[in-house]
Amino acid sequence: MSNDKKKSSEATVLPRRELANAIRALSMDAVQAANSGHPGMPLGMADIAEVLWNDFLKHNPGNPEWIDRDRFVLSNGHGSMLLYSVLHLTGYPLSLDEIRAFRQLGSRTAGHPEHEPEIGIETTTGPLGQGLANGVGMALAEKLLAAEFNTPDHNVVDHHTYVFLGDGCLMEGISHEACSLAGTLGLGKLICLYDDNGISIDGEVSGWFTDDTPARFESYGWHVVGNVDGHDSEAVRDAIETARSVDDRPSLIACKTVIGFGSPGKAGSASSHGSPLGDEEISKTREQLGWSHPPFEIPDAIYTGWNASAKGERLESAWQQRFDAYASEFPDRAAELQRRMAGELSADFAAAADVAVAAASEAAESPATRKASLLALNALAPSLPELLGGSADLTGSNLTRHAGAKTISADAPKGNYIYYGVREFGMGAVCNGIALHGGFIPYSGTFLTFSDYSRNSLRMAALMGIRNVFVFTHDSIGLGEDGPTHQPIEHVSSLRLIPNMDVWRPCDTVETLVAWREAIVKQTGPSSLVFTRQSLAFQPRDAAQIAAIRRGAYVLRECDGQPDVILIATGSEIAICMTAAEQLASEGVAVRVVSMPCSDRFAAESQSYRDSVLPPATDRRLAVEAGATELWYRWVGSAGRVIGLDHYGESAPAGELFAKYGFSADNVAAVAREMLA
């Protein structure tokens, strides 16, 4: 008997439909109790979930973060009660009380799944298509780790990524970006199960979604199993077995289902998609399904049929024996894999970063900060084998390919650099999936103005609190002749508005190195590193100033006694302020210059430190940044001024634009004089 057949016999003590109906019952009851939610998808995909989780999914409810578990992603996250039901039934630490508290304040069963690997939720989903892209990242991470760590005799990284998705996921453009890339990279352990029910919120999708989906995925280079009856367990089982047998391409299984399956009055209609069925319809659904149990009551026999704890323990134990044999033969490789999956940095990273910062301070070079970023990568990458980079078709402009980079392809997975193509949104979400999987620290590059394309993946990284480094170059009107379509104005402020996102805009090589170091060290959220196209002047500092950079803001130029005026700036505008300060000082004005490369970090500092940098007694403060002005009033106060841009730029050489819009030492000094008058 094959292992899969053995699992099937264990899971089918009761009829499969009865096991699947437990998902349906919990889902419709929880949605009804909350008086909000989406019952249609859980009712429609319950049979598919039962087959996948009971016959194929390699997982252990007793250790939800086992590193070689299969990853399951519910991309159509509005159907969250399907996931919560399965996690509860299979033995994860998600109680029936939590199911009853669906969508209630403080519960672990939010309206859409929120990343909580401790209870088996691999990623936050709901914004459609992003879970699918996360799944691509997870499958890519598995493939790269397997290529790096497995040996001919030891497969210690060997798991699949399964994704549930719906019509909405496939309508979103991100599905094209991510799935096209997945086919190109040959992600053979990615299996997506498509809930082809023909219904979305507005009704039958035939009025707005008539794609030949199987042909579309075949054109991406995917293996497609089409026209599967999603309510025929054996057909679903056969389709998954077929998909698992194809290891050189990702697979799409198109499952024909009925949304709201079992509901006499609402099955097959949009009315079951996003609203409770109602008490009367739930009663009729129970009768039609043959489910006679009261709300939230699951018979012991059903729990026994679903419980995966013993099976999961056996699976992990068998893997642990294989890993122990691997560790005995290759102790260093085993330890390295464990370190990386734990998200810990190597012992020599801190020293490498310190050496690089000291060298940059000594060299006193004046490159563009995008070039300084490449210097940082070259210095830090040797101590970070987990660093996995890429760019959205702008490698030569973003300068994200360091000296030790090796290109990844379908046939060459032993690498650390991905050419993402023009796929900014997909790139961000794929990197989120890589970070969620573990074993890598992803970073990716594009122009700052195209952070708009990536926006929701940036927000999701921050919401989940995952380490993901976003590199944005060409950070202002300083990029010049490409004009206003490429000149970011509101973008730095927009990034700063994302909670839990550190936004760094360094002024030279030293600040750039510190920004990179801090982005790598931070494990509780993403960072955006914002770099110039144009060269910037080096700023001398002492050791105390260098140490203070990580605090987000510090005094770069001090004056004697209480300052008459404080100039605050970031990035390319620091040099302008330093020159203006010299002009003002020659006139007897006491000027302090504050560099604020990361206002997010500075805002998190103690009040005493903030007051030491921006003393309350000095209310004449002038902020200078070539971007939107509004957020700067937090730091300059009502008596302060801001030199910035609240309008679009023009196509012209950078120097002319800076002069026209007031980003010059003469204008900064003139505005400061007005404030002092």
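Not measured: the values here are computed from a predicted model. (Residues numbered from 1 in each chain as written. Predicted model: local features only at pLDDT ≥ 70, side-chain atom pairs only at ≥ 80, totals over all residues. Heavy atoms only, no water.)

### Details of the side chain of H78
- With respect to the helices and strands, the residue H78 is situated in the loop between β1 (71-74) and α4 (80-90).
- Excluding residues that lie within four positions of it along the chain, H78 makes contacts with H38, M41, G111, H112, L128 and H273. (Helix = DSSP H or I, 4+ residues; strand = E, 2+ residues; numbered from the N terminus. Contact = heavy atoms within 4.5 Å.)

### Considering the packing of helix α6 (residues 130-149) against helix α8 (residues 173-184)
- As a packed pair, α6 and α8 sit with axes 9 Å apart at the nearest point and diverge in direction by 20°. Comparing their axes, α8 and α6 come out roughly parallel. In the crossing of α6 with α8, the sense of the turn from one axis to the other is left-handed. Here Q130, L132, A133 and V136 of α6 lie close against α8, whose contacting residues are I174, S175, A178, C179 and A182.
- Per-class residue counts for the contact of α6 with α8 are 7 nonpolar, 2 polar and no charged. (Axes fitted to C-alpha atoms, helices over the stretch in contact; angles between N-to-C directions. Parallel < 35°, antiparallel > 145°, perpendicular 65-115°, else oblique. Left-handed = near helix turned anticlockwise from the far one by under 90°. Nonpolar A, V, L, I, M, F, W, Y, C, P; charged D, E, K, R; others polar.)

### Considering the pattern of salt bridges
- Taken as a whole and assessed by the stated rule, the structure comprises 37 salt bridges.
- Residue K189 is joined to E142 by a salt bridge in which the shortest nitrogen-to-oxygen separation is 3.2 Å. Placement of K189 in the loop between α8 and β3 (190-196) and of E142 in helix α6 is noted, with a sequence separation of 47 residues between them.
- Given a relative accessible area of 4%, E142 falls into the buried group.
- Residues K284 and E280 are paired through a salt bridge, measuring 3.4 Å at the closest nitrogen-oxygen approach. Of this pair, K284 and E280 both sit in helix α11 (residues 279-289), 4 residues apart, roughly one helical turn. (Salt bridge = Lys/Arg side-chain N within 4 Å of Asp/Glu carboxyl O. Buried < 20%, exposed > 50% of the residue type's maximum accessible area, 1.4 Å probe, protein only.)

### What to know about the confidence of the model for the protein
- Taken as a whole, the protein shows an average pLDDT of 97; of its residues, 98% reach a score of 70 or greater.
- For residues 1-12, every residue scores under 50 in pLDDT, and the model assigns this stretch 21 contacts once sequence neighbours within four places are set aside. (pLDDT = per-residue confidence, 0-100.)

### Some remarks on helix α18 (residues 424-437)
- If you check α18, its first and last C-alpha atoms are 20 Å apart, about what 14 residues at 1.5 Å a residue would give, namely 20 Å.
- Of all 14 residues that make up α18, 14 are buried, and the element is covered over most of its length.
- G438 lies just past α18 and shows a positive phi near 100°. (Expected span 1.5 Å × (residues − 1).)

### A few points about the sheet that holds strand β2 (residues 161-166)
- If you walk across this open sheet you meet the 5 strands as β1-β2-β3-β7-β6, and the pairing is parallel. This sheet does not close on itself; its edge strands, each paired only once, are β1 and β6 (223-229). Looking at each pair of strands side by side, their axes are set apart by 15° on average, direction ignored.
- By the bridge criterion, 6 bridges tie β2 to β3 in an arrangement that is parallel. Bridge assignment links G166 to a residue of β3, and that residue is D195.
- Docked against the sheet, helix α10 (residues 233-244) engages β2, β3, β6 and β7 (251-256), running at close to 175° with respect to β6. (Pairing = 2+ DSSP bridges.)

### Describing the nonpolar core
- Ranked by size, the top nonpolar core spans 81 residues in total, and within it W516, L567, I568, L614, L622, F663 and V668 carry the most contacts.
- One finds A146, I174, F217 and I466 within the second-largest nonpolar core, a separate group that totals 72 residues. (Core = buried A, V, L, I, M, F, W, Y, C linked by side-chain atoms within 4.5 Å.)

### So, α10
- In this model, α10 (12 residues) spans 16 Å end to end at C-alpha, consistent with the 16 Å of a helix rising 1.5 Å per residue.
- Of all the residues in α10, the buried ones are S233, V236, R237, A239, I240 and A243. Seen from one end, α10 has its buried residues packed into an arc of 160°, which puts them on one side.
- The N-cap residue of α10 is D232: its side-chain oxygen and the backbone nitrogen of E234 are 3.1 Å apart. (Arc of directions from axis to C-beta. Polar contact = N/O pair within 3.5 Å; in protein donor to acceptor, adjacent residues only side chain to side chain.)

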